[in-house]
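# Architecture and fold: a report
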Amino acid sequence: AATPGTLLMIAPFRNRSGYGVAARALATTLNSAGVRLKCVSVDAEEQGIDDGDATLLRQLENNPVTAPVTAVFFHVPSPNWLKVGLPPGSKRILYTTFDSSAQGNTPPPDWIQICNAMDQLWLMTDREAEVFIKGGVEAAKVRVLPCPHPWIANPVLPLPQPAKLVCNESGRFRFLSIAMFLPRRRWDTLIEAFLAEFAGDESVELYLKVNFPSWHPIPGQPKRDLLELIKQLRAKTGSHVR
């Protein structure tokens, strides 16, 4: 049965980020469960996304909003989510994750403040819940809600099948890494390990799909930092692999 009111989901639906892929799978699942859903896309729009039902997502973006409204911000904590205007009596929920939770690291203090300003905080695992509460989030606000698997639980995509390793059009085997340029992603470790392991091997390459922090105070600096890091690690390892 359809739920009363509208679940307003704010997420990077048209972006290739991890949140974007998961948001498309989550919206599809919620819609199929009968939730009255309106999607609002944030962040940059990228072309060629094919891991979701584009027609369905457009329909969900055009759905009307009816009270009562529950707003779910499927993203990293940001003070902007607290500024979004909602009708009186609405609920404001943050659905997020923190990559370092598995190692027991607590989120930064500004994240904790934003989480506590929400009506609820949804997290994906019991371990994350423990870490966020340890970091200062009010336990009564926390709910554990596993997210549908971005690929396996996505009805648009075929189930994964075992396959032989194949090379790309250049004849090389390509490793792909998709992440934001942040210290906790350990770009230095990844790049140095690749350069050292495959030094001089022309049959492999590392392809980096990088999102640079839009909030960095110096425009373009994160990209310059990445290029300088690669230059330094090439010199350190003596590697010329691509």
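Anything mentioned here points back to the structure above.
The structure reproduced in this document is the subject of the present report. Note that the structure is predicted; figures quoted are calculated from it, not measured.

### Some thoughts on the overall build of the chain
- If you tally the helices and strands in the chain, you get 7 helices and 8 strands.
- Its C-alpha atoms give the chain principal-axis dimensions of roughly 60 × 40 × 35 Å.
- Sorting the 242 residues of the chain into buried and exposed places 38% on the buried side.
- As displayed, the chain offers around 13800 Å² of accessible surface, 57% of which is attributable to carbon and sulfur atoms.
- Within the chain, the 23 negative side-chain charges are centred at a point lying 4 Å from the centre of the 26 positive side-chain charges.

### Let's talk about the packing of aromatic side chains
- Under the criterion given, the structure shown has 11 aromatic pairs.
- Aromatic side chains Phe 98 and Trp 111 sit 5.3 Å apart centroid to centroid with 70° between the ring planes, which places their arrangement in the edge-to-face category. Taken together, the residues span a long stretch of sequence, with Phe 98 in the loop between strand 4 (91–95) and helix 4 (109–116) and Trp 111 in helix 4 at a distance of 13 residues.
- One aromatic cluster is present, built from ring pairs that chain together Tyr 19, Phe 74, Tyr 95 and Trp 122.

### Overview of the state of the cysteines
- Tallied over the entire structure, the rule returns 0 disulfides.
- Lacking any disulfide linkage, Cys 115 is separated from the closest cysteine sulfur, that of Cys 147, by 17 Å.
- Looking at the unpaired Cys 147, the closest cysteine sulfur is the one in Cys 39, lying at 13 Å.
- Residue classification places Cys 147 among the buried residues on the basis of a relative accessible area of 18%.

### Quick notes on the packing of helix 1 (residues 18–32) against helix 2 (residues 54–61)
- Packing of helix 1 against helix 2 leaves a shortest axis separation of 11 Å and a crossing angle of 75°. It follows from the interaxial angle that helix 1 and helix 2 lie roughly perpendicular. Residues Arg 24, Ala 27, Thr 28 and Asn 31 of helix 1 touch helix 2, and the partners they reach there are Leu 56, Leu 57 and Leu 60.
- When its residues are assigned to classes, the contact of helix 1 with helix 2 shows 4 nonpolar, 2 polar and 1 charged.

### Looking at the side chain of Thr 6
- Secondary-structure assignment places Thr 6 in strand 1 (residues 6–11).
- Owing to a relative accessible area of 2%, Thr 6 belongs among the buried residues under this scheme.
- Excluding residues within four positions of it along the chain, Thr 6 makes contact with Arg 36, Lys 38, Pro 64, Val 65, Thr 66, Pro 68, Val 69 and Thr 70.

### Considerations on the packing of helix 6 (residues 187–197) against helix 7 (residues 221–237)
- Packing of helix 6 against helix 7 leaves a shortest axis separation of 10 Å and a crossing angle of 40°. In this view, helix 6 runs oblique relative to helix 7, as classed from their interaxial angle. In the crossing of helix 6 with helix 7, the sense of the turn from one axis to the other is right-handed. Contact with helix 6, carried on its side by Trp 187, Asp 188, Ile 191, Glu 192, Leu 195 and Ala 196, involves Leu 226, Leu 229, Ile 230, Leu 233, Arg 234, Lys 236 and Thr 237 of helix 7 and no other residues of that element.
- Per-class residue counts for the contact of helix 6 with helix 7 are 8 nonpolar, 1 polar and 4 charged.

### Notes on the nonpolar core
- Of all hydrophobic cores here, the largest spans 21 residues; its most connected members are Met 9, Phe 13, Ala 27, Leu 37, Leu 60, Phe 74 and Tyr 95.
- Within the residue set of this core, elements represented by two or more residues are strand 1, helix 1, strand 2 (37–41), helix 2, strand 3 (69–74) and strand 4.
- When residues of this core are assigned to their parent elements, the largest contribution, 5 residues, is made by helix 1.
- When near neighbours in sequence (up to four residues on either side) are disregarded, Met 9 contacts Ala 23, Leu 26, Ala 27, Leu 30, Leu 37, Lys 38, Cys 39, Val 40, Val 72 and Phe 74.
- Residues Val 42, Val 69, Leu 94 and Leu 123 belong to the second largest nonpolar core, which totals 20 residues.

### What to know about the side chain of Lys 38
- Counting through the fold element by element, Lys 38 comes out in strand 2.
- Buried within the structure, Lys 38 lacks any salt-bridge partner; its nearest side chain of opposite charge belongs to Glu 61, at an N-O separation of 7.9 Å.
- A distance of 2.6 Å separates a polar side-chain atom of Lys 38 from the backbone oxygen of Glu 61.
- Contacts of Lys 38, omitting those with residues within four sequence positions, involve Thr 6, Leu 7, Leu 8, Met 9, Leu 60, Glu 61, Asn 62, Asn 63 and Val 65.

Parameters and conventions
- Residues numbered from 1 in each chain as written.
- Predicted model: local features only at pLDDT ≥ 70, side-chain atom pairs only at ≥ 80, totals over all residues.
- Heavy atoms only, no water.
- Helix = DSSP H or I, 4+ residues; strand = E, 2+ residues; numbered from the N terminus.
- Buried < 20%, exposed > 50% of the residue type's maximum accessible area, 1.4 Å probe, protein only.
- Areas by Shrake-Rupley, 256 points an atom, 1.4 Å probe, with all protein chains shown as cover.
- Lys, Arg positive; Asp, Glu negative; His and termini not counted.
- Charge placed at Lys NZ, Arg CZ, Asp CG, Glu CD.
- Phe/Tyr/Trp six-rings, centres within 6.5 Å; stacked < 30°, edge-to-face > 60°.
- Disulfide = S-S within 2.5 Å.
- Axes fitted to C-alpha atoms, helices over the stretch in contact; angles between N-to-C directions.
- Parallel < 35°, antiparallel > 145°, perpendicular 65-115°, else oblique.
- Contact = heavy atoms within 4.5 Å.
- Nonpolar A, V, L, I, M, F, W, Y, C, P; charged D, E, K, R; others polar.
- Left-handed = near helix turned anticlockwise from the far one by under 90°.
- Core = buried A, V, L, I, M, F, W, Y, C linked by side-chain atoms within 4.5 Å.
- Salt bridge = Lys/Arg side-chain N within 4 Å of Asp/Glu carboxyl O.
- Polar contact = N/O pair within 3.5 Å; in protein donor to acceptor, adjacent residues only side chain to side chain.

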